[in-house]
Every structure is written in C-alpha cells, then in structure tokens.
Amino acid sequence: MQEKPRLIVLISGSGSNLQALIDAVQDGIMDAEIALVVSNRRTAYGLQRADQVGIETFYFPFKPYRIAGQSREQYDADLAMKLGEYKPHLIILAGWMHVLSSTFLNQFPGQVINLHPALPGQFDGVGAIQRAYEAYQTGEVDHTGIMVHYAVPEVDAGPVVVQRTMHFLEGESLEDFEMRMHTAEHGLIVEATQCVLDAGRIYPRSLEEK
Ligand code: GRF
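Residues numbered from 1 in each chain as written. Predicted model: local features only at pLDDT ≥ 70, side-chain atom pairs only at ≥ 80, totals over all residues. Heavy atoms only, no water.

Asker: So what about the pairing of strand β1 (residues 6-11)? Which residues, and what values?
Answerer: Counting buried residues along β1, 6 of its 6 residues qualify, which places the element largely inside the surrounding structure. Going residue by residue along β1, you find R6, I8 and L10 tucked away on one face and L7, V9 and I11 tucked away on the opposite face as well. As defined by bridge partners, β1 adjoins strand β2 (residues 33-39) across 6 bridges and the pair is classed as parallel. Along β2, the bridge assignment pairs R6 with E33. Crossover β1 to β2 through helix α1 (residues 16-26) is right-handed. (Buried < 20%, exposed > 50% of the residue type's maximum accessible area, 1.4 Å probe, protein only. Helix = DSSP H or I, 4+ residues; strand = E, 2+ residues; numbered from the N terminus. Pairing = 2+ DSSP bridges. Right-handed = clockwise from strand over helix to strand, strands pointing away.)

Below, the structure is given as structure tokens:
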C-alpha cells in the first residue's frame, strides 16, 4: 500500500486556507495526510479547525526565545527538529506570519511552499491585499493576484508553483475584494499542493526517501 504523502501546515490566524486543505483531504480530492498543524499564536482559530477533525497540533511561540535572548535561528532550528520527526513530504505555509530563515529551509529543500495574496515581485510582506486595492484606487495597478511559491529566505520570493491573476471590479469595496481574494486562495492552495505532490510522484525518490 503506497503511503500517503505527509503534509504539515503552518498557520498564524483563522486557518481558512488550512480548512481548504482539510476539506480537500476529507472530500477525497487530495490523496494526502495532514500530519500536523503548527501555530506560533495560541489564539489562531486554525488550531481549533485542526482539533475538530483530530489533526495533531503544535503551538510553538517565538516569545520564550525572545525573552531568553535567543535568536530566530535557534527558534527555526528547534522548529525544524520538531517537524523533522514527522518526516513530512511537504510543509505548507498558510498564513504563517514568521519569516523562516535558511536554518529552517535548508532542512527541507524543495519541500516548503508559501501562499501569498499577490503576484511575484508585487506587494510582498503583510497587508498585500489592502495595498493592492489602494494601488488600484490610485491607478498604479490594474490587476493583482495570488501565488503559491517555494519558500526562500527572502520574503514572498522563490520559484512560483502556481499563480492566478485577480482583476478589480469597479466600485467594489475592500471587504468584498478581500472576500473574493480569500475564496480564490482556498482553491489555489489545494491546486498548488496537488501540483507539488504530483511532481513528487514523477520523481518518487523525493517522496520515498524520507
Ligand atoms: C491569507 O490571506 C494568506 O495569504 C495571508 O494570510 C491569510 C491567512 O488566512 N498570508 P487564513 O489564516 O488561512 O484564513
């Protein structure tokens, strides 16, 4: 029996993108297993979403490291150690609001993907959706988009797995635009995950070696 690819999802907030992945697995759309959900924020509702379906969770805040005067690299190294125990095939950053350094990324080469609500090279960092909306209001841009890319130490950069252009609607409120963007994200994160897993199947070594 072929083992299912093991996914680990990292979140910091409501986890609606995590929910999209959970639903895709439960609906049989994605043949994978979410082995662990990690959050750096205790109040992240995504932890409850995982609990509701029996997925193991791991709350791992940076604050104790900061209070102890320890570096982000130490945090990243410890996080990598913990996740390595699960032998993940793919780590998905779904609204994870902590920039992971090469200390972490080097432990999982080609196995970490990140969802970002903008197109490559545009609006990287936080508040991307609102910044794009404002740039449209001032005529700076006539479209924006969403992408899932391989994570690299540089924020919201890295080779793109899949991206989708999103056009603005005249007179649309920011709230409605955000809703449309999040709905599009939910589809894209499943599509991107499936795409990476399928690629892995083409080169089974990368899936089997762990
Ligand atoms: C998403 O818009 C994601 O692209 C951004 O943070 C949001 C996370 O939403 N980085 P959720 O926690 O998945 O609902």
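So that's the structure; there's more coming.
Asker: Can you lay out the sheet that holds β2 for me, pointing to particular residues and giving the numbers?
Answerer: Taken together, 7 strands build an open sheet; the order of strands is β3-β2-β1-β4-β5-β6-β7 and the sheet is mixed. In this open sheet, the two edge strands, each paired with only one partner strand, are β3 (57-59) and β7 (160-167). Between one strand axis and the next, the sheet turns through 20° on average, direction left out of account. (Axes fitted to C-alpha atoms, helices over the stretch in contact; angles between N-to-C directions.)

Asker: Outline the pairing of strand β4 (residues 90-93), listing residues and values.
Answerer: Here β4 shows a buried face lined by L90 and I92 and a second buried face lined by I91 and L93. Looking at chain direction, β1 and β4 are connected through 4 bridges and run parallel. Looking at the pairing, V9 lines up with I92 of β4. Where β4 meets strand β5 (residues 112-116), 3 bridges bridge the pair, whose relative direction is parallel.

Asker: Please set out the packing of aromatic side chains residue by residue, giving values where relevant.
Answerer: Enumeration according to the criterion identifies 10 aromatic pairs in this entry. Between Y136 and F168, the aromatic rings sit 4.3 Å apart at their centres with planes inclined by 10°, giving stacked as the arrangement. With Y136 in helix α6 (residues 128-137) and F168 in the loop between β7 and α7 (174-202), this pair connects stretches of sequence that are 32 residues apart. Per residue, the accessibility class of Y136 equals that of F168, and both read buried. Geometrically, the ring pair formed by F168 and F177 is tilted, given 4.8 Å between the ring centres and 35° between the ring planes. Cluster of aromatic residues (ring-pair linked, three or more members): F58, F60, F62, Y65 and Y75. (Phe/Tyr/Trp six-rings, centres within 6.5 Å; stacked < 30°, edge-to-face > 60°.)

Asker: Quick rundown of the pattern of salt bridges? Include the residues and the values.
Answerer: The full count for this structure, using the stated rule, is 3 salt bridges. The shortest N-O distance in the salt bridge between R6 and E3 comes to 2.9 Å. E3 gets classed as partly exposed once you look at its relative accessible area, which sits at 32%. Of the charged contacts, one joins D31 and K4 as a salt bridge, the two residues approaching to 2.4 Å between their closest N and O atoms. Pair noted here: D31 is in the loop between α1 and β2 and K4 is in the segment before β1, with a separation of 27 residues, a long-range link. Residue D31 is classed as partly exposed on the basis of its relative accessible area of 42%. (Salt bridge = Lys/Arg side-chain N within 4 Å of Asp/Glu carboxyl O.)

Asker: I'd love a proper account of the nonpolar core, names of residues and values included.
Answerer: One broad rule of soluble globular proteins: the nonpolar side chains tend to lie buried together. V9, I34 and V37 are the most contacted members of the largest nonpolar core, which has 46 residues in total. At 10 residues, α7 tops the list of elements feeding residues into this core. Excluding anything up to four places from it in sequence, I34 contacts L7, V9, L18, L21, I22, V25 and I55. (Core = buried A, V, L, I, M, F, W, Y, C linked by side-chain atoms within 4.5 Å. Contact = heavy atoms within 4.5 Å.)

Asker: Account for the site of the ligand, with residues named and values stated.
Answerer: Near the ligand, the surroundings consist of G13, S14, G15, S16, N17, G95, L115, P117, H182 and E185. Here an oxygen atom of the ligand and a backbone polar atom of G15 are 2.8 Å apart. Against a free-state accessible area of 360 Å², the protein chains account for coverage of 84% of the ligand. Mapped onto the shell around the ligand, the elements with two or more residues apiece are α1 and α7. A breakdown of the residues in the shell around the ligand according to their chemical character gives 2 nonpolar, 7 polar and 1 charged. (Near = heavy atom within 4 Å. Polar contact = N/O pair within 3.5 Å; in protein donor to acceptor, adjacent residues only side chain to side chain. Areas by Shrake-Rupley, 256 points an atom, 1.4 Å probe, with all protein chains shown as cover. Nonpolar A, V, L, I, M, F, W, Y, C, P; charged D, E, K, R; others polar.)

Asker: How would you sum up the packing of α1 against helix α2 (residues 45-52)? Please name residues and give values.
Answerer: For the pair α1 and α2, the least separation of the axes is 9 Å and the interaxial angle reads 20°. The angle between the axes of α1 and α2 places the two elements in the roughly parallel class. Viewed along their axes, α1 and α2 form a crossing whose handedness is right-handed. For the pair α1 and α2, the contacting residues are S16, L18, Q19 and I22 in the first and G46, R49 and A50 in the second. The residue inventory of the contact of α1 with α2, partitioned by class, reads 3 nonpolar, 3 polar and 1 charged. (Parallel < 35°, antiparallel > 145°, perpendicular 65-115°, else oblique. Left-handed = near helix turned anticlockwise from the far one by under 90°.)

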